[in-house]
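# Per-entry structural report
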Amino acid sequence: MQARTRPLSEVVRSPAAIPDLNDVARGDGLLFVRDGVGVAGRGEAARVRFDDAAEYLAAIDHDSTVDGARPLAIGSLPFLPGAEAELSVPSVSYVKRHGREPWVTIVAEDTSGLDAIELSAELTPPSDPMPAAAAYTLGPDGAVEHYLAAVAAARD
């Protein structure tokens, strides 16, 4: 497995084209964001067990021009004791941090053929969807009493 990390300025040529983390993650990506900083991931280069993640990431051949940037694994830990935890290594990661230029990391079997144009396409937000219905209605999905009982049970 190989990885390549570059500053966003080498991938996106126009300052007006700097993507938002939410746009990069889209509806099917991975996203950890707070106050406009964090990480967004698209695609999946690998899925690794939580216990094996550090070793797996350290073994990736990484070419980076960004100090301190490394390939990463994203996921969440299950609440069920003893449940297996897995993390995803995104094919494309976009990272924004306070006081630093954002960067992009790609992870693939071979990164030599990937160029800025392909990365730029991954970072470009999708166009707004066209509405499919002429009208719609909003309403409760279930009985209010059932909802309130579920909230009380979770709280208790």
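Scroll up a little and you will see the structure.
Our subject in this report is the structure included herewith. These numbers come from a predicted model, not from an experiment.

Rules and cut-offs
- Residues numbered from 1 in each chain as written.
- Predicted model: local features only at pLDDT ≥ 70, side-chain atom pairs only at ≥ 80, totals over all residues.
- Heavy atoms only, no water.
- Helix = DSSP H or I, 4+ residues; strand = E, 2+ residues; numbered from the N terminus.
- Buried < 20%, exposed > 50% of the residue type's maximum accessible area, 1.4 Å probe, protein only.
- Contact = heavy atoms within 4.5 Å.
- Pairing = 2+ DSSP bridges.
- Axes fitted to C-alpha atoms, helices over the stretch in contact; angles between N-to-C directions.
- Core = buried A, V, L, I, M, F, W, Y, C linked by side-chain atoms within 4.5 Å.

Here the focus is the overall build of the protein chain. Each helix and strand counted, the protein chain has five helices and eight strands in total. When the helices and strands of the protein chain are read in sequence order from the N terminus, they spell out β-α-α-β-β-β-α-β-β-β-β-α-α. For the protein chain, the proportion of its 156 residues judged to be buried stands at 29%. Excluding contacts between residues fewer than 6 apart, the proportion of contacts in the protein chain whose partners are at least 24 apart in sequence is 66%.

Turning our attention to the sheet that holds strand β2 (residues 30-34). Strand order in this open sheet of six strands is β2-β3-β7-β8-β1-β5, and the pairing throughout is mixed. Taken across any chain shown, the strands that pair with only one partner, and hence form the sheet edges, are β2 and β5 (61-64). Sheet twist, expressed as the mean angle between neighbouring strand axes with direction ignored, is 15°. Sheet analysis places strand β7 (residues 92-96) next to strand β8 (residues 103-108), joined by four bridges and oriented antiparallel. Paired with V95 across the two strands is W103, which belongs to β8.

Positive phi is not limited to glycine here, since R26 has a value of about 55°. Tracing the sequence through the fold places R26 in the loop between α2 (21-25) and β2. The exposure class of R26 is partly exposed, given its relative accessible area of 28%. In the Ramachandran plot, D35 falls in the positive-phi region, its phi being about 55° despite a non-glycine side chain. By the secondary structure assignment, D35 is in the loop between β2 and β3 (37-42).

Tracing the backbone through its elements, the reader meets L72 in the loop between β5 and β6 (86-89). Placed 14 residues apart in sequence, L72 and A58 show a C-alpha to C-alpha distance of 9.7 Å. In this structure, L72 is in contact with V39, L57, S88, V89, P90, S93 and V95, ignoring residues within four places of it in sequence.

We now examine the nonpolar core. By size, the foremost hydrophobic cluster in this structure holds 11 residues: L8, V11, V12, L21, V24, A25, A40, V92, Y94, V104 and I106. Of all elements in the fold, only α1 (8-11), α2, β7 and β8 reach the threshold of two or more residues within this core. With nine residues, the next largest nonpolar core counts A3, A46, L57 and V107 among its residues.

Before going further, it helps to examine the pairing of strand β4 (residues 46-49). Alternating positions in β4 separate cleanly, A46 and V48 being buried on one face and R47 and R49 remaining unburied on the opposite face. Of the strand pairs in this sheet, β4 and β6 are connected by four bridges, and their pairing is antiparallel. Residue R47 lies in a different strand from β6, and its bridge partner there is S88.

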